[in-house]
Structures are given as structure tokens and as C-alpha cells.
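Summary of the model geometry
What follows is the residue order along each chain.
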Amino acid sequence: MFAECLGTALLLCIVIGSGVMAESLAAGNHGVALIANTAASFWGLYVLIVLLGPVSGAHFNPVVSLIMTLRCFRTLLYSSRVLCSEPVSHT
């Protein structure tokens, strides 16, 4: 769950930062701003998936893990093992 929370926070920073960057670099040209925002968001998400995907299953919402556990898509043992091993595996 730590990787999911971290991924969510970083994705939020990437999307907001890319929007600010695109607006400041585009100088009023909305087409350029849209392309810059899309490219920066795409590559930021790609890097997050490559780095955190093996740990979190490439989703960055802790609620997804909770719902998957409650609906029996993941066992409680698996979810608790992931929850306990994530902080240890990143040290």
C-alpha cells in the first residue's frame, strides 16, 4: 500500500506540474500547451509504472487494493503480506 500511496502522490505532482509547465512554456498557444501537458504526463506515468509496477501491480490507488481484498480478488493473506513487505523491500 505504501507504493500505491507514493505512486498516487507522485502522479498528482506530475500532472499538476506538467500543466503548470505547459502553460508557462506555451505562451498562450493552447495546442502547444496540450501537447506538452500530454507528453509530460505520459512519460511521468510511464516512469511510475516501470518503477512501482512490480510492487503495486501498476495501480496507484490504495482503495483499489482494499476493494480487491474485500471482493476476494486478492486474499487477505496476500494483501497483508504485500502491506508488510513493501516498506521492508524498499530499504
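Numbering of residues starts from 1 in every chain and runs along the sequence as written. Selection of residues for local features in this predicted model requires a pLDDT of at least 70, selection of side-chain atom pairs for listing and counting requires 80 or more, and totals for whole chains, interfaces and linings are taken over all residues. Values reported for side chains reflect all heavy atoms of the structure, with hydrogen atoms and water molecules removed beforehand.

**Digging into the overall build of the protein**
The numbering of helices and of strands both runs from the N terminus, where a helix is a DSSP run of H or I of at least 4 residues and a strand a run of E of at least 2. From N to C terminus, the protein includes four helices and zero strands. Taken from the N to the C terminus, the helices and strands of the protein come in the order α-α-α-α. Counting the 91 residues in the protein, one finds 24% classified as buried. Working rule for contacts: check all heavy atoms of both residues, and any pair within 4.5 Å makes them a contact. The contacts in the protein between residues at least 6 apart in sequence include a share of 59% that link residues at least 24 apart. Here the Shrake-Rupley method, with its probe set to 1.4 Å, supplies the accessible areas, and only the displayed protein chains count as covering residues. Carbon together with sulfur atoms contributes 77% to the accessible area of the protein, which is approximately 6,100 Å² in total. Think of it in three bands: residues with accessible area under 20% of the maximum for their type are buried, residues over 50% are exposed, and the middle band is partly exposed, with areas taken using a 1.4 Å probe on protein chains only.

**Digging into the packing of aromatic side chains**
When the centres of two rings from Phe, Tyr and Trp lie within 6.5 Å, Trp using its six-membered ring, the rings pair. Their planes under 30 degrees apart give stacked, over 60 give edge-to-face, and anything left gives tilted. On inspection of all chains with the given rule, the structure shows two aromatic pairs. On the basis of an interplanar angle of 80 degrees and a centroid distance of 4.9 Å, the ring pair of Phe42 and Trp43 is categorised as edge-to-face. Centre to centre, the rings of Trp43 and Tyr46 are 5.5 Å apart; their planes meet at 80 degrees, and the pair counts as edge-to-face. Of the two residues, Trp43 and Tyr46 are both situated in helix 2 (residues 30–56); the distance of three residues between them amounts to about one turn of the helix.

**Concerning the environment of Leu10**
With respect to the helices and strands, Leu10 occurs in helix 1 (residues 2–26). When its relative accessible area of 36% is taken as the criterion, Leu10 is described as partly exposed. When the C-alpha positions of Leu10 and Gly44 are compared, they lie 8.8 Å apart, and in sequence the two are 34 residues distant.

**Quick word on unusual backbone geometry**
The backbone phi angle of Ala27 is positive, close to 55 degrees, even though this residue is not glycine. With respect to the helices, strands and loops of the structure, Ala27 is situated in the loop between helix 1 and helix 2. Judged by its relative accessible area of 72%, Ala27 is exposed.

**Some words on helix 1**
For helix 1, spanning 25 residues, the distance from its first C-alpha to its last is 36 Å, which sits close to the expected 36 Å at 1.5 Å a residue. Two residues or fewer past helix 1, Ala27 is found with a positive phi of approximately 55 degrees. Each residue after the first adds 1.5 Å to the expected span of a helix.

**Overview of the confidence of the model for the protein**
On a scale of 0 to 100, pLDDT captures the predictor's confidence in every residue. Looking at the protein as a whole, the pLDDT averages 76, with 67% of positions reaching at least 70. Confidence scores differ between elements of the protein, with helix 4 (residues 76–89) showing the lowest mean pLDDT of 56 and helix 2 the highest of 86.

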